[in-house]
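Structural features, examined
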Amino acid sequence: MNEPLAEMLRYNRWATLRLLEACRHLSDAQLDAHMAGVSGSVRRLLLHMVGGQQTFALRTKGRQHEGELNGGSTWPGWDALAGIARVSADELVEIAEQLIEDETIVLPYMSKRPTFPKSFFLVHAVEHGVEHRTEIKVALAQQGVETPDLDGWSYAEARGFGAEA
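On a predicted model such as this, the values are computed, not experimentally measured, just so you know.

1. Notes on the overall build of the protein chain
A tally of regular secondary structure across the protein chain gives 6 helices and 2 strands. The secondary structure elements of the protein chain, listed N-terminal to C-terminal, are α-α-α-α-β-β-α-α. For the C-alpha atoms alone, the extent of the protein chain along its principal axes is close to 55 × 45 × 30 Å. Considering only contacts in the protein chain between residues 6 or more positions apart, those separated by 24 or more positions represent 71%. For the protein chain, the exposed area adds up to about 8,800 Å²; of that, 54% sits on carbon and sulfur atoms. Charge separation in the protein chain, taken as the distance between the mean sites of 16 positive and 23 negative side-chain charges, equals 6 Å.

Below you can see the structure in the form of C-alpha cells.
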C-alpha cells in the first residue's frame with residue numbers, strides 16, 4: 001500500500017469537493033466570467049478539473065478519451081458534477097492505496113506507444129487539481145467572492161490530524 005501517495009489524493013478529493021461546494025451559490029455570470037490571469041471561466045475550469053480526475057484514473061489503466069468531462073463539456077449540474085468528482089477522486093485514492101510496486105503503463109496516442117510509471121498519473125492528478133483550484137480561487141477573488149481555505153492545515157483539521165501527543 002502506498003499510504004503517503006493515497007493521503008495526497010485524499011487531500012485532492014477534499015479540496016476539490018470543498019471548492020465545488022463553495023461554488024454552488026455562484027450566478028451564471030460569475031461562473032462564465034473570464035478573468036485576467038486565468039485560463040478559462042470558473043465553469044470551464046471546474047469541468048476540466050473534474051474531467052481530469054476521470055482521465056488520470058483511466059490513464060493508470062492505459063486508457064483515455066472514454067467520455068470524460070472536459071472544458072467543452074455540457075454542464076451536467078452541480079449534483080452530477082460533485083458525484084463525478086467524488087467517484088473519480090475515490091478511484092484515484094484506491095489506485096494509490098493498491099500501488100505497492102510502481103508499474104509501467106503504455107498509453108497509446110496518435111500511433112505511438114509512450115510509457116509512463118503509473119505513479120506519474122497519480123502525481124499529475126494532484127498537481128492538476130492544485131493548479132486549477134488555484135485558478136478558480138483567483139477568478140473568484142477577482143470577482144469579490146470569498147474562497148474556501150484549501151491549505152494543508154485546514155485539511156489536517158478536517159482529518160483530525162495534529163492532536164496533542
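2. Topic: the nonpolar core
Counting residues in each nonpolar core, the largest one holds 26 residues, and the members touching the most others are Leu-20, Cys-23, Val-42, Leu-46, Leu-81, Ile-136 and Leu-140. Broken down by secondary-structure element, the contributors of at least two residues to this core are helix H1 (3–23), helix H3 (42–59), helix H4 (78–98) and helix H5 (118–142). The element contributing the most residues to this core is H1, with 7 residues. Every residue in contact with Ile-136, bar those within four places of it in the chain, is listed here: Leu-19, Cys-23, Val-42, Leu-45, Leu-46 and Met-49. The next biggest cluster of nonpolar side chains, apart from the first, holds 13 residues, and it includes Ala-57, Ile-95, Ala-125 and Val-126.

3. So, the pattern of salt bridges
Overall, the coordinates contain 12 salt bridges when judged by the stated rule. Notably, a salt bridge pairs Asp-28 with Arg-43, separated by 3.0 Å at the nearest N-O pair. With Asp-28 in helix H2 (residues 28–32) and Arg-43 in helix H3, the pair connects residues that are 15 residues apart, well separated along the chain. Residue classification places Asp-28 among the exposed residues on the basis of a relative accessible area of 53%. Judged by its relative accessible area of 9%, Arg-43 is buried.

4. Here's the deal with H3
In a regular helix each residue adds 1.5 Å, so 18 residues correspond to 26 Å; H3 covers 25 Å between its end C-alpha atoms and thus fits that length. Burial runs high along H3: 15 of the 18 residues are buried.

5. Concerning the environment of Leu-9
As for its position among the elements, Leu-9 is in helix H1. Leu-9 sits in the buried class, given a relative accessible area of 1%. Between the C-alpha atom of Leu-9 and that of Gly-129, which follows or precedes it by 120 residues, the distance is 9.7 Å. Non-local contacts of Leu-9, meaning those with residues more than four positions away in its chain, are made with Leu-92, Val-93, Ala-96, Leu-122, Ala-125 and Val-126.

6. Description of the packing of H1 against H3
Their axes nearest at 12 Å, the elements H1 and H3 cross at an angle of 155°. Here H1 is positioned roughly antiparallel relative to H3, judged by the angle of their axes. Remark: the crossing between H1 and H3 carries left-handed chirality. Contacts from Asn-12, Thr-16, Leu-20 and Cys-23 in H1 reach Val-42, Leu-46, Met-49, Val-50 and Gln-53 in H3.

7. Re the packing of aromatic side chains
One pair of aromatic rings is described through two measures. These are the centre distance and the angle between the planes. This structure, assessed with the given rule, holds 8 aromatic pairs. Between Phe-116 and Phe-120, the aromatic rings sit 5.6 Å apart at their centres with planes inclined by 15°, giving stacked as the arrangement. When its relative accessible area of 36% is taken as the criterion, Phe-120 is described as partly exposed. Residues Phe-116 and Phe-121 carry aromatic rings whose centres are separated by 5.3 Å and whose planes lie at 55° to one another, so their mutual orientation is tilted. An aromatic cluster is built from Tyr-11, Trp-14, Tyr-155 and Phe-161, whose rings are joined through pairwise contacts.

What counts and how
- Residues numbered from 1 in each chain as written.
- Predicted model: local features only at pLDDT ≥ 70, side-chain atom pairs only at ≥ 80, totals over all residues.
- Heavy atoms only, no water.
- Helix = DSSP H or I, 4+ residues; strand = E, 2+ residues; numbered from the N terminus.
- Contact = heavy atoms within 4.5 Å.
- Areas by Shrake-Rupley, 256 points an atom, 1.4 Å probe, with all protein chains shown as cover.
- Lys, Arg positive; Asp, Glu negative; His and termini not counted.
- Charge placed at Lys NZ, Arg CZ, Asp CG, Glu CD.
- Core = buried A, V, L, I, M, F, W, Y, C linked by side-chain atoms within 4.5 Å.
- Buried < 20%, exposed > 50% of the residue type's maximum accessible area, 1.4 Å probe, protein only.
- Salt bridge = Lys/Arg side-chain N within 4 Å of Asp/Glu carboxyl O.
- Expected span 1.5 Å × (residues − 1).
- Axes fitted to C-alpha atoms, helices over the stretch in contact; angles between N-to-C directions.
- Parallel < 35°, antiparallel > 145°, perpendicular 65-115°, else oblique.
- Left-handed = near helix turned anticlockwise from the far one by under 90°.
- Phe/Tyr/Trp six-rings, centres within 6.5 Å; stacked < 30°, edge-to-face > 60°.

Bear in mind that shape data such as this cannot, by itself, settle questions of function.
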